[in-house]
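Residues per chain are reported as follows:
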Amino acid sequence: MRRREFIKYGTTAGLLALGLDRVIGPSAGAQPPSVTIDLDIVEAMFELVDGRRVFVLAYRPVAGAATVPGPAVEIHDDEAVSFRVTNRTGSPHGLAVPGINGAWPGIVVAPGATEVLGPFSTVRAGSYMYADPVDHPVNRVLGLHGGLIVLPRNGTTPYGSPTPAVQRLFDDLGDAGRGFPGDGWTEPRLTPNGRSWLWVLNSIDPRFNRRAERGRRIDPVDMIDRFRPRYFTINGLSGPHAVHD
C-alpha cells in the first residue's frame, strides 16, 4: 500500500476550491495547441468539515496536490485534449469523459501503469465530468471525479452554437461597446477573476470510505441501494468553508 496523502479540508482554499488551481489555461488568441493533461491516481485522507478524516481516492496533477474533486480542466473548443493517467494505487482505476466523442467507458489503468485517453478534438463547448469508470459509480463517489470546461474560442456566450434567443439574452445584458457582456467568453475564465463559475457537487457516506480503506470491494449495486449521505460538498467544501468560496 502506497503512503497516502492528506487533504486538509477547508484551510487551504487554493488546494480544494475547484477553479482556483487550473490545470491548463492557454492564452486567448494563441495558436490552438494540443493539450495533454497529466494526472496521477492516488490514495488520500480527506478531512471533513467537523474534523473527521475519511479515506478517499483522488486525482492529482503531476505538478500539484491531490484534490477532491479533481483539478478543473479548461480548454477551448478548437483544442485537441488528451488525458495521460498514471495509477499509483494497488487497484485498477481509470478515467472517462461521458458525452465526448464516445469517451465512455474510457481507459482502465493497471496499478503502476500509465495510459492515455484521447486525443479528442473539436469538442463541443459546455460542461463535462471526468471520472473513474471502474466499478461505476463506486470510485467516482469515493473521489475520482472532476470538472472539464470547454469554452468557445469565439463568441460572447459560453455556448458554441447559441440559439437566437440565447444570443439575444446575452446581447441585451449590456452594451458591447462598454465591455461585459460584449467581450468574448474567453479570458479570464474561471473564478476568482473570470466570468464562469464551476460547482462540482458530491456527497459522502463514511461507511463506504471505511470499506475502501480496509481493502474490501464495494458492490456498485449495494452502494446505490444503501448509500446514505452524511456530508455534502461543493468543490470539496462544506459548511462555513463553502459559504465564502
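No experiment lies behind these values; they were computed from the predicted model shown.

*Asks:* Can you walk me through the nonpolar core in this structure?
*Replies:* F83, L95, V97 and L148 are the most contacted members of the largest nonpolar core, which totals 35 residues. Beyond its immediate sequence surroundings of up to four residues, F83 is in contact with I37, L39, V73, L95, V97, E115, V116 and L117. The next biggest cluster of nonpolar side chains, apart from the first, holds twelve residues, and it includes V42, F46, A66 and V68.

*Asks:* What's the story with the pattern of salt bridges in this structure? I'm lost.
*Replies:* Enumeration over the complete set of coordinates arrives at ten salt bridges. A salt bridge links R53 to E47; its shortest N-O distance comes to 3.8 Å. R53 gets classed as exposed once you look at its relative accessible area, which sits at 51%. Linking R207 and D205 is a salt bridge whose minimum nitrogen-to-oxygen distance equals 2.7 Å. By relative accessible area, which is 1% here, D205 ends up buried.

*Asks:* How do you make sense of unusual backbone geometry when you look at a structure like this?
*Replies:* Across residues other than glycine, the phi torsion is negative in most instances, and most of the peptide bonds are trans. Cis geometry marks the peptide bond from G118 to P119; its omega dihedral reads 5 degrees. Here P119 lies in strand β8 (residues 114-120). The residue D135 is not glycine, and still its phi comes out positive at about 50 degrees. Structurally, the position occupied by D135 is in the loop between β9 (126-131) and α2 (138-141). Positive phi, close to 55 degrees, is recorded for N235, a residue that is not glycine. Its location among the elements puts N235 in the loop between β12 (231-234) and α6 (240-243).

*Asks:* Sorry if this is basic, but what is going on with the packing of aromatic side chains here?
*Replies:* Aromatic ring pairs are defined here through the distance separating the ring centres and the angle between the ring planes. Scanning the entire structure with this criterion turns up four aromatic pairs. With 5.8 Å between their ring centres and 40 degrees between their planes, F83 and Y130 make a pair best called tilted. Linking F83 in strand β5 (residues 80-87) with Y130 in strand β9, this pair joins segments that are 47 residues apart in sequence. Relative to F170, the ring of Y159 has its centre 6.4 Å away and its plane inclined at 80 degrees; by these criteria the two rings are edge-to-face.

*Asks:* Help me understand the side chain of R153 in this model?
*Replies:* Looking at the secondary structure, you find R153 in the loop between β10 (145-151) and α3 (164-172). Relative accessible area serves as the criterion here: at 15%, R153 is assigned to the buried category.

*Asks:* I would appreciate a short explanation of the side chain of T157 in the present structure.
*Replies:* With respect to the secondary-structure elements, T157 resides in the loop between β10 and α3. Within polar-contact distance, the side chain of T157 engages the backbone nitrogen of Y159 at 3.1 Å.

*Asks:* Whenever I open this one, the sheet that holds strand β4 (residues 70-76) confuses me. Can you help?
*Replies:* Note: strands within a sheet are paired through backbone hydrogen bonds, in either parallel or antiparallel orientation. The strand order across the open sheet formed by three strands is β4-β10-β9, and the pairing between neighbours is mixed. Because the sheet does not close on itself, it has two edges, and the strands there are β4 and β9. Looking at each pair of strands side by side, their axes are set apart by 25 degrees on average, direction ignored. Direction of pairing for β4 relative to β10: parallel, over a ladder of five bridges. Across the sheet, H76 pairs through a bridge with L151, a residue of β10.

*Asks:* Quick question: what am I supposed to make of helix α4 (residues 206-213) here?
*Replies:* Two residues of an α-helix separated by three or four positions point the same way, owing to the 3.6 residues in each turn. Residues of α4 that are buried include every one of P206, F208, N209 and A212, and no others. Within α4, the buried residues cover an arc of 155 degrees as seen down the axis, which keeps them to one side. Its buried side turned inward, α4 meets β3 (53-61), β11 (201-204), α5 (220-226) and β12. At the C-terminal side of α4, G215 shows a positive phi close to 80 degrees.

*Asks:* Help me out: how do you make sense of the confidence of the model for the chain in this one?
*Replies:* The predicted coordinates should not be examined in detail at positions where pLDDT is low. Scored by pLDDT, the chain comes out at a mean of 83, with 79% of its residues at no less than 70. Per-residue pLDDT stays below 50 along residues 9-22; that stretch engages in 47 contacts with residues further than four places along the chain or on separate chains. Note that residues 24-29 has pLDDT below 50 and, in this model, 18 contacts with residues that lie over four places away or in other chains.

*Asks:* Any chance you could explain the environment of R60 here in plain terms?
*Replies:* Structurally, R60 is set in strand β3. Sequence spacing of R60 and I41 is 19 residues, and the spatial spacing of their C-alpha atoms is 6.2 Å. Once residues lying within four places of it in the same chain are set aside, the contact partners of R60 are E5, D38, L39, D40, V42, A65, A66 and R88.

Basis of the calculations
- Within each chain, residues carry numbers counting from 1 in the order of the written sequence.
- Confidence filtering applies because this is a predicted model: local features only for residues at pLDDT of at least 70, side-chain atom pairs given and counted only at 80 or more, and all residues used for totals across whole chains, interfaces and linings.
- Think of the side-chain values as coming from all heavy atoms in the structure, minus any hydrogens and water.
- Nonpolar cores are built from buried Ala, Val, Leu, Ile, Met, Phe, Trp, Tyr and Cys residues. Side-chain atoms within 4.5 Å join them into one set.
- Type-normalised accessible area, obtained with a 1.4 Å probe on protein chains alone, sets the label of each residue: buried when under 20%, exposed when over 50%, and partly exposed for intermediate values.
- Between two residues, a contact is recorded if the distance between any of their heavy atoms is within 4.5 Å.
- Here a salt bridge means any side-chain nitrogen of Lys or Arg lying within 4 Å of a carboxyl oxygen belonging to Asp or Glu.
- Starting at the N terminus, helices and strands are each numbered in turn, a helix being any DSSP run of H or I of at least four residues and a strand any DSSP run of E of at least two.
- Only Phe, Tyr and Trp rings are paired, with Trp represented by its six-membered ring, and only when their centres lie within 6.5 Å; those with planes under 30 degrees apart are stacked, over 60 edge-to-face, the remainder tilted.
- Identification of polar contacts relies on pairs of N or O atoms within 3.5 Å, with a donor-acceptor requirement for protein atoms, meaning one able to donate a hydrogen and the other able to accept it, and with residues adjacent in sequence counted only if both atoms are side-chain atoms.
- Paired strands, in this sense, are two strands between which DSSP finds at least two bridges.
- For helices, the fitted axis covers only the stretch in contact; all axes are lines through C-alpha atoms, and the angles between them, taken along N-to-C directions, range from 0 to 180 degrees.
- Note that the arc is computed from the directions linking the helix axis to the C-beta atoms.
- What pLDDT conveys is the predictor's confidence in a given residue, as a value from 0 to 100.

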